[in-house]
Every structure is written in C-alpha cells, then in structure tokens.
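Fold and contact review
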Amino acid sequence: MRPLRAEIRLHHLRENYQTLKHLHGGKLLAVVKADAYGHGAVRCAHALADLADGFAVACLEEAVELRKNGIENPILLLEGVFENEEYQAVDQYRLWPVVASQWQLEGLLQYDWQQPVKVWLKMDSGMHRAGFFPHNYAAAFTALQQSGKVAGVVKMSHFACADDADRGMTEMQLETFDLAVEGLAGEESLANSAAMLAYPQARRDWGRAGIALYGADPFLENDPRIKPVMRLVTSVFAERVLQPHEPVGYGAAFYTKRSTRVGLIACGYADGYPRLAETGTPVAINGHRSRVIGRVSMDMMTVELNGSHEGLSAEVELWGDDVNVNEVAQSAGTIAYEVLCNVKRAKFVYIE
C-alpha cells in the first residue's frame, strides 16, 4: 500500500480553537469551508461541535453536508446564496446567510420564511470583492431590521491585508467600517485569523477562525500559540548513490556537487504537493531536516539522504511538526491555504 498519509491531529484542532477564542474573546466561528482547508470538514466539525459557537462554510452544499452528518451548531454561509431559490434550503436547514449584494437582500426580503432568520450583512470596507458600499450599508441594514423577517443582523466586513501589518490598510478598513455602522445597533464581526492574532481593535462580538485554526500562521512566523493540525508523511521506498555532477529528475534541473545518497519517496504533484517547490524545500527524514532535490514528479519526489538514520523505509515528513507548511508554500511561490487544500490521494488518519 502506498505509504502517503495525512495525519489529522484533532486534539490540536481543539486546542487551537480554544486558544483563538480566548485570544479573541466573545464568540468564535470555526471556518470549515473547502473541506476544512483540506482536513475533512465533517470530522473536524464533529471534533469541535461541543466547543464551537458555530461554523462557517462557503456555500449551501457544504452546509447541507454538515447538517446531514449530524452537526447542529449554527452554520454561516460566507458567500450567501447564489440564486434566490436557495433561500428555501437556508430556511429548511436553519442556516445563517451572508447578504453581500442588493439581489441577495431583495430575495431574502421576498422569501416567506418559516421562522425569522439571522442575517450577516457584509460591508465592502475597502477590499472591493463583495459587500455593500459604506454609503449604502445603513439602508440595507434598516430594510432587514424593519422587515419582520430577521432574528437579528450581524454587521460584518473582511480585511484585505490583515496579514501585512505594514500596509496600514486594515486600520483604514476599521475606520471605514466603524464610521458606516455608527448608530446601528447589534453584533459585529471583523476579525479573521490574521486580525485575531494582530489587531485587538478588530476583535468584536464574533471572530472567524480560518487558517490559524489549522495551525498555519498567516504571518509566516510559526506562531507558537497555534499547533499544526495536518502532518503529511510518506517514506523512502528506493535509494541510490550518485557521483558528483550527475543529474536528478525531469529536465536535469539539479546536478549533484558531490557523492550524494538520493532517496525516492511516494508523493508528487498529483497528491497535492506543489510542483513548483524548488530544490532545497525542506523535508524531515526520521526527524532530521533534509531537502527536496530535483523537480517534483507526478507521483514521486527525490530527497537528499544525509546520514545512517536516513534510508530505505525511513519516514519523511513533508510538513507538520518539523517542517512548517509555510516553508513549503513559500518555496513554491504560493500560500499555505492552497497547499493544505490540495492534498489528495493520501490516506487520512484522524488522531483524537
């Protein structure tokens, strides 16, 4: 059996949730969209069900999957509905929709709700991706409040650059939001993972914990307060010794500089490991740091074997405790979000 496996440490997930909730204060949504960032949404939601104030997903299909698998906590639809007919399912499955555009607002107000619905009204405070412009926000808020169809409105926005404290954009978005909601009563939600960690002024009634929940630091600094949930591991299944000036892998992109022991491991870009990860990307072999050499292939990779402890059948950690997923992402010119979400074909092992 192919040895690639993704170890999902659910106890780390629970600890991260508790850490982030303590840090943020108030209530905290656990974001489990995109199959819980590649970790398995149903299993992760069950692991957090007794702790989480609610969950957040991207779309209706993700929410229905959780409901059909026994999750009873509140569930927020971060992208709202994609057509007004979906409000029937929102009503049926007791979901909380985000309303970020005029047509979503009108559809919600026209729908005959079985019971009042809790709405999260999104403002475009500067990211310019989704949400009501600040000068239109109060009118949308008032329309919801006066409709008799809502059980409350949570005022929300999303930050564009919360993981880049030097930009100053988060402070501008905070000011824009606060000016636009002045005088509008009710709960607020601003902080994503990065804002939760770095901007105390963004911590309002509800936080939304995403990438940090899974132990990846959005600031790329390996924050010790959060623990990696996924550990992706495989093993060496072949080895050879190459003499100096010998090529390794497709394109002969790497040449040895000295006599080199090379290990072949079972993982490649078809498994979700980033194809553009460069020679030098770290791995840990039996707990000792080493590196990828040559190009990543579809199903295999080559790594440098350094000592007697590294050889046939040795465990290779691609990321987890000894190798931070951000290191792999940076080597490939991408972000941890994408790397984690792309894991495929591995055997998922859930550790309570």
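Above this text sits the structure in question.
Rules used in this analysis
Think of each chain on its own: its residues are numbered from 1, step by step along the sequence as written. For a predicted model such as this one, the threshold for reporting local features is a pLDDT of at least 70, and the threshold for listing and counting side-chain atom pairs is 80 or more; totals across whole chains, interfaces and linings nevertheless cover every residue. Neither water nor hydrogens contribute to the side-chain values; these are computed over all heavy atoms in the structure. Note on classification: 1.4 Å probe, protein chains only; a residue is buried when its accessible area is under 20% of the maximum for its type, exposed when over 50%, partly exposed between these limits. Here a strand is any run of E in DSSP of at least two residues, a helix any run of H or I of at least four, and the numbering for each starts at the N terminus. In what follows, a contact means two residues having at least one pair of non-hydrogen atoms within 4.5 Å. Contacts described as polar in this section are N or O atom pairs within 3.5 Å, which, within protein, must combine one atom able to donate a hydrogen with one able to accept it, while residues neighboring in sequence count only if both atoms come from side chains. All axes are obtained by fitting lines to C-alpha atoms, using only the stretch in contact for helices, and the reported angles, taken between N-to-C directions, cover 0 to 180 degrees. For classification purposes, angles smaller than 35 degrees are called roughly parallel, those larger than 145 roughly antiparallel, those between 65 and 115 roughly perpendicular, and all remaining angles oblique. Under the grouping applied here, Gly and all other residues not named as nonpolar or charged are polar, the nonpolar ones being Ala, Val, Leu, Ile, Met, Phe, Trp, Tyr, Cys and Pro and the charged ones Asp, Glu, Lys and Arg. Put simply, two rings from Phe, Tyr or Trp (the six-membered ring, in Trp's case) pair if the centres are within 6.5 Å, and we call them stacked under 30 degrees between planes, edge-to-face over 60, tilted for the rest. Look at NZ for Lys and CZ for Arg. If either is within 6 Å of the ring centre and within 35 degrees of the ring normal, a charge sits over the ring. Detection works on a 1 Å grid of protein atoms alone, calling trapped sets that fit a 1.4 Å probe cavities and calling open sets with protein on both sides within 12 Å along at least five of seven lines pockets, with lining residues defined by an atom within 4 Å of a point. Grid points are joined across faces, edges and corners, and a volume is the space filled by probe spheres set on the points. In the sections that follow, a salt bridge refers to a side-chain nitrogen of Lys or Arg positioned within 4 Å of a carboxyl oxygen of Asp or Glu.

Notes on helix α3 (residues 41-48)
Of all eight residues in α3, six are buried, a share of seventy percent or more. Looking at α3, one finds that the buried residues are Ala41, Val42, Cys44, Ala45, Ala47 and Leu48. At its buried positions, α3 is contacted by α1 (10-24), β2 (27-31), α2 (33-38), β3 (54-57) and α4 (60-68).

Let's talk about the environment of Ala41
Among the secondary structure elements, Ala41 is positioned in helix α3. With relative accessibility at 5%, the residue Ala41 sits in the buried group. Remark: the alpha-carbon pair of Ala41 and Ala63, spanning 22 residues in sequence, is separated by 9.9 Å.

Topic: the side chain of Glu188
Relative to the helices and strands, Glu188 is located in strand β8 (residues 188-189). Side-chain polar atoms of Glu188 contact the side chain of Lys155, separated by 3.3 Å.

Topic: the packing of helix α6 (residues 102-110) against helix α7 (residues 134-145)
At a closest axis distance of 11 Å, the pairing of α6 and α7 adopts a crossing angle of 10°. One element, α6, and the other, α7, form an angle in the roughly parallel class. For the pair α6 and α7, the contacting residues are Leu105, Leu108 and Leu109 in the first and Ala140, Ala143 and Leu144 in the second. A per-class count over the contact of α6 with α7 returns six nonpolar, no polar and no charged.

Considerations on the packing of aromatic side chains
Here the structure, examined in full by the defined rule, presents nine aromatic pairs. Among the aromatic residues, ring-to-ring pairing joins Tyr37, Tyr214 and Tyr337 into one connected group. Looking at Lys118, its charged tip hangs above the ring of Trp96, at a distance of 4.8 Å from the centre.

Focus on the layout of surface pockets
Picture a little ball the size of a water molecule; that probe, rolled over the atoms, points out where space is still empty. Taken as a whole, the largest pocket holds about 830 Å³ of empty space. Together, 38 residues line the largest pocket, and Lys33, Met127, Arg129, His158 and Asn192 are the ones closest to its centre. For the lining of the largest pocket, the elements supplying multiple residues, two or more each, are α2, α9 (193-198), α10 (325-331) and α11 (336-341). With three residues, α10 is the single largest residue contributor to the lining of the largest pocket.

What to know about the pattern of salt bridges
What the rule picks out here adds up to 24 salt bridges. The residue Glu188 makes a salt bridge to Lys155 at a minimum N-O spacing of 3.3 Å. Residue Glu188 is found in strand β8, and its partner Lys155 is found in strand β7 (residues 150-157); the two are separated by 33 residues along the sequence. Residue class for Glu188 comes out buried when judged on its relative accessible area of 13%. For Lys155, a relative accessible area of 1% translates into the label buried. Across the salt bridge formed by Arg231 and Glu317, the nearest N and O atoms sit 2.7 Å from each other. You can see Arg231 sitting in strand β10 (residues 230-242) and its partner Glu317 sitting in strand β17 (residues 315-319), a full 86 residues away along the chain.

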